[in-house]
Amino acid sequence: SVLFLDEPTSGLDSSSSMVVCGALRKMAQEGGVTIIAVIHQPRYEIFQMFHRVLLLAKGGKLVYYGAPQTALGYFEQDLGLQCPEHVNPPDFMMDVISGDSTGMTIDEMADKWRASQFNESSASFNPETGDGAAASNNNEASPLLAGAEKIACEEPAVLAASMRSAGESLAPSGRVLAERAKQRKMPNFFVQVKYFLIRSMTQISRDILWFFIDLGLVFVSGFFLGLVFSQSKYRPPLPSQIVNKSLSAFEGNAPADLKQFFDRPIDDPLISQASLTCMAIGMTGVTAALRVFGNEQIVYWREASAGMSTTAYFVAKNLSHIFFIVLSPILYTAPFLTFVSTRASFIDFYKIALLVQFTTTGLGYLVSLVAPPGLAQLGGVVVVLVFSMFGGARPTLVEIKKMFVLLRIMPYTSYIRWAQEALYLQELDKWRGIEGVNVEPSLKLFGYDFDDYTLCVGLTVAFGFGFRILALLAMLLMNRDQKH
């Protein structure tokens, strides 16, 4: 049996780490278990507990594999790098293979290791029989990394015979595996998308609690906003007959403010409903989207350095989030329309909410990739808030056009401005054609036009794709040193 452990001593103090590793060694020796563990910054006594250690530099390049007792000698004698006095040898080796503390590059260290293994295998190769010798196993039963040690001992003989007959040069298993890794053909784009999608769906299933928490927040937002607006109804301006009769009392000298008052709707909660709907979906959506890419950047860097397609990875992560994008607007719309009476249908309202969710999710992807992890959540909420401020509710588009140039431009950069107008026009359109109802003053008040509905929907979708394109470019162009 084989036991894989990922950083079993993380978060433990030095003494506790010794106890854990001692138990693992005992399990390996007495329990017949092969244990393969990843460990960082072990104290020297822990380092010596392992029967074999494998040191990997950035990009998964092999720098050393063998007994821990000979590791320091290899670094000092073969690589010519001396461990400073009073420095923990494992820490020294970790600094070296990071490529930051010496003049030797990672590629040079990997080449040195391959060359040293090639020389050892060549010295032990018998050209008459095709047999090769490797370092013998120690006598302890089931050591840590025993499986890897067995391969190192048995595979060279097999490889030596086959490569001699093919006229190739001799190399040990470590070198062969490294060369195979370099020459391997990556799966095509669609195969990569498939496997990344399977992995992403598995990750979601393992963190299903967060998935339902995100959906729950959307539901709660729709529920409470629905309660807030449950008693609010759109009341259009007074009919023109009543207005004209009232103004006639002034014999043509009616105050301008009074005329403006009569032009306004008696009560117009539609703009507030549209604005807060976009903000609520935006804030809950961007928070959920931050976890799609933000939690596994290091994994992405490692896989990109091995030749993985960034675009395939990006597409798969987007596809894995589709179910949330489609479901969350339903969970907002259902409770909201339970309390709020609208003339637009459930489907009409849902379509705009879906577009807002789609675009907000793209924004969340972008923020998670360009903002520091500690500031991503705050940054995402602030960006949504700023977009909402220039959505056209208060101040209205008419009022913004009277401000200085920079502020006049801001509404055109806000996806919430276009989605909000689409929601407002969609509901107000149902009031058109009702006898005695004039909706033109409402449009004039906010600077909207029924002819712009298709434009608003199209631009909301365009923002969604635009945010995703920028997020993909951020993945391709940022942190390039981490992907090599």
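Structure: above.
Right, let's walk through the structure included here. Fair warning: this is a prediction, and the values are worked out from it, not measured in the lab.

Comments concerning the overall build of the protein
Here is step 1 of the chain: Looking only at helices and strands, one finds 22 helices and four strands in the protein.
Here is step 2 of the chain: Going through the 484 residues of the protein one by one, you find that 42% of them count as buried.
Here is step 3 of the chain: Within the protein, contacts between residues separated by at least 24 positions form 73% of all contacts whose residues are at least 6 apart in sequence.
Here is step 4 of the chain: Entry remark: accessible area of the protein is about 25500 Å², with carbon and sulfur atoms responsible for 61%.

Focus on the side chain of T287
Here is step 1 of the chain: Considering the arrangement of structural elements, one finds T287 in helix α12 (residues 270-294).
Here is step 2 of the chain: Separated by 2.8 Å, the side chain of T287 and the backbone oxygen of M283 make a polar contact.
Here is step 3 of the chain: Ignoring any residue separated from it by four or fewer positions in sequence, one finds T287 in contact with Q377 and V381.

Brief notes about the packing of helix α9 (residues 208-228) against helix α15 (residues 322-339)
Two numbers describe a pair of packed helices, the interaxial angle and the distance between the axes.
Here is step 1 of the chain: Contact pair α9 / α15: the axes reach a minimum separation of 7 Å and the direction vectors enclose 25°. Overall, the two elements α9 and α15 adopt an arrangement that is roughly parallel. Seen from above, α9 lies across α15 with right-handed handedness. Residue-level inspection shows F211, D214, L215, V218, F219, S221, G222, F223, L225, G226 and L227 of α9 in contact with α15, the latter providing F323, F324, L327, S328, L331, Y332, P335, F336 and F339.
Here is step 2 of the chain: A per-class count over the contact of α9 with α15 returns 15 nonpolar, four polar and one charged.

Points about empty space enclosed by the protein
Here is step 1 of the chain: Overall, the coordinates contain three cavities of 30 Å³ or more when judged by the stated rule.
Here is step 2 of the chain: Considering the residues around the largest cavity, the lining is formed by L270, Q273, A274, T277, T342, A344, F349, L423, Y424, Q426 and E427.
Here is step 3 of the chain: The set of elements that each furnish at least two residues to the lining of the largest cavity consists of α12 and α20 (415-428).
Here is step 4 of the chain: Of the residues that constitute the lining of the largest cavity, the class distribution is six nonpolar, four polar and one charged.
Here is step 5 of the chain: Within this model, the second largest cavity holds a volume of roughly 100 Å³.
Here is step 6 of the chain: What lines the second largest cavity is simply F293, E296, Q297, Y300, W301, Y313, L369, A474, M475, M478 and N479.
Here is step 7 of the chain: Listing elements by their share of the lining of the second largest cavity, those giving two or more residues are α13 (297-305) and α22 (453-477).
Here is step 8 of the chain: In terms of residue count, the dominant contributor to the lining of the second largest cavity is α13 (three residues).

Digging into the pairing of strand β1 (residues 2-6)
Here is step 1 of the chain: For β1, a buried count of zero out of five residues is recorded, marking the element as mostly open to its surroundings.
Here is step 2 of the chain: The pairing of β1 with strand β2 (residues 34-38) spans five bridges and is classified as parallel. Bridge pairing links V2 to T34 in β2.
Here is step 3 of the chain: Tracing the backbone out of β1, into helix α1 (residues 14-31) and back to the parallel element β2 gives a crossover that is right-handed.

Thresholds, definitions, all that
- For every chain, the first residue of the written sequence is number 1, and numbering continues from 1 onward in sequence order.
- For a predicted model such as this one, the threshold for reporting local features is a pLDDT of at least 70, and the threshold for listing and counting side-chain atom pairs is 80 or more; totals across whole chains, interfaces and linings nevertheless cover every residue.
- Calculation of side-chain values draws on the structure's entire complement of heavy atoms; hydrogens and water are dropped beforehand.
- Under the DSSP-based scheme used, a helix requires at least four consecutive residues in state H or I and a strand at least two consecutive residues in state E, with every element numbered from the N terminus.
- Categorising residues by exposure relies on relative accessible area from a 1.4 Å probe, with only protein chains included: less than 20% of the type maximum marks a residue as buried, more than 50% marks it as exposed, and the intermediate range marks it as partly exposed.
- In this description, contact between two residues means that some pair of their heavy atoms is separated by no more than 4.5 Å.
- Here the accessible surface of atoms and residues is derived via Shrake-Rupley with a 1.4 Å probe, and residues count as covered only by protein chains that are part of the display.
- Polar contacts, as used here, are pairs of N or O atoms within 3.5 Å; protein pairs need one atom able to donate a hydrogen and one able to accept it. Residues neighboring in sequence count only if both atoms are side-chain atoms.
- Note on method: axes are straight lines fitted to C-alpha atoms, helices fitted across the in-contact stretch only, with angles between N-to-C directions ranging 0 to 180 degrees.
- Oblique is the label for every angle not falling under 35 degrees (roughly parallel), over 145 degrees (roughly antiparallel), or within 65 to 115 degrees (roughly perpendicular).
- Note: crossing handedness is left-handed where the near helix turns anticlockwise from the far helix by less than a right angle, and right-handed where it turns clockwise.
- All residues other than Ala, Val, Leu, Ile, Met, Phe, Trp, Tyr, Cys, Pro, Asp, Glu, Lys and Arg, Gly among them, are scored as polar; the first ten of these are nonpolar and the last four charged.
- Within this scheme a cavity is a closed region of a 1 Å grid, computed over the protein atoms alone, that accommodates a 1.4 Å probe without allowing it to escape, whereas a pocket is open but has protein on both sides within 12 Å along at least five of seven lines; lining residues each have an atom within 4 Å of a point.
- Grid points are joined across faces, edges and corners, and a volume is the space filled by probe spheres set on the points.
- Being paired, for any two strands, means DSSP has found at least two bridges between them.
- If you view a crossover with the strands going away from you and the path from the first strand over the helix to the second runs clockwise, you call it right-handed.

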